[in-house]
Amino acid sequence: MSHAAPVIGVLALQGDVREHLIALAAADAVARPVRRPEELAEVDGLVIPGGESTTISKLAVLFGVMEPLRARVRDGMPVYGTCAGMIMLADKILDPRSGQETVGGIDMIVRRNAFGRQNESFEAALDVDGVPGEPVEGVFIRAPWVESVGAGTEVLAEHEGHIVAVRQGNALATSFHPELTGDHRVHALFVDMVRANRAPESL
């Protein structure tokens, strides 16, 4: 394992970027905002935050970062998406908006705003595979859920029968926002994924 802390970017086009930067730093990573391809090239992993998935998609294209991001995810760079970020990592979206693109990387079908606008926000205690200790407090804000997953995608958590956390290889996604709770265990899981991905290079 490399002695240096992994450098993890947060896609800083729209959404709750600052909270992720704080959570990653608390989980012993060097956290940086990423807006441009040259910044993406300097990180070991990337978080795609919550926000508005259509806006993030269009800004990623505008800033020239969508194609380099797809390429790095295909090449195995660890990536973690929360809420809108989960939608961005889906290979397929149900009822996408006009012009909406995804990065892809997780063999899943995601339904946008699935938990409904009438409960704009709620919290639920979740048992998340890979996160030791007490349940994770999940904050759901106009959250998506996963309708279905492919054979290679691992379901990490469910809420009321709906899939709300998944992992496929180096890609992790949650419907909820762990960056808003002060509990950094999900970010620590992702930092460990980034460290493990870097380990062969440092031998």
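Higher on the page you've got the structure.
The written sequence of each chain sets the order in which its residues are numbered from 1. Reporting in this predicted model follows two pLDDT cut-offs: at least 70 for local features of residues, and 80 or more for side-chain atom pairs to be given and counted; totals over whole chains, interfaces and linings ignore these cut-offs and use all residues. With hydrogens and water excluded, all non-hydrogen atoms of the structure serve as input to the side-chain values.

J.: Mind showing me how you'd approach unusual backbone geometry here?
T.: Only a minority of non-glycine residues have a phi that is not negative, and only a minority of peptide bonds are not trans. Located in the positive-phi region is Cys 83, a residue other than glycine, with phi close to 55°. Along the polypeptide, Cys 83 turns up in the loop between strand E4 (79-82) and helix H5 (84-89). A positive phi angle, close to 50°, is found at Glu 160, a residue other than glycine. A run of DSSP states H or I qualifies as a helix once it reaches four residues; a run of E qualifies as a strand once it reaches two. Both are numbered from the N-terminal end. Checked against the element boundaries, Glu 160 lands in the loop between strand E10 (154-159) and strand E11 (162-168). Only protein chains enter the area calculation, which uses a 1.4 Å probe; residues under 20% of their type maximum are buried, those over 50% are exposed, and those in between are partly exposed. Overall, the relative accessible area of 67% leaves Glu 160 in the exposed class.

J.: Help me understand helix H3 (residues 53-62), please; the structure alone is not making it clear to me.
T.: Quick reminder: α-helices carry 3.6 residues per turn. Residues three or four places apart thus point the same way. Taken as a whole, H3 has its buried residues at Ser 53, Thr 54, Ile 56, Ser 57 and Ala 60. All buried residues of H3 project into a common sector of 165° when viewed along the axis, lining one side. Pairs of residues are marked as contacts when any of their non-hydrogen atoms sit within 4.5 Å. If you follow the buried residues of H3, they end up packed against strand E1 (7-11), helix H4 (66-74) and H5. Pairs of N or O atoms within 3.5 Å make up the polar contacts considered here, provided that, within protein, one atom can donate a hydrogen while the other can accept it, and that residues adjacent in sequence are counted only when both atoms are side-chain atoms. Two to three positions downstream of the cap, the backbone nitrogen of Thr 54 sits 3.1 Å from a side-chain oxygen, assigning the N-cap of H3 to Glu 52. Of the residues trailing H3, Gly 64 is marked for its positive phi of about 75°. The directions considered for the arc are those from the helix axis to the C-beta atoms.

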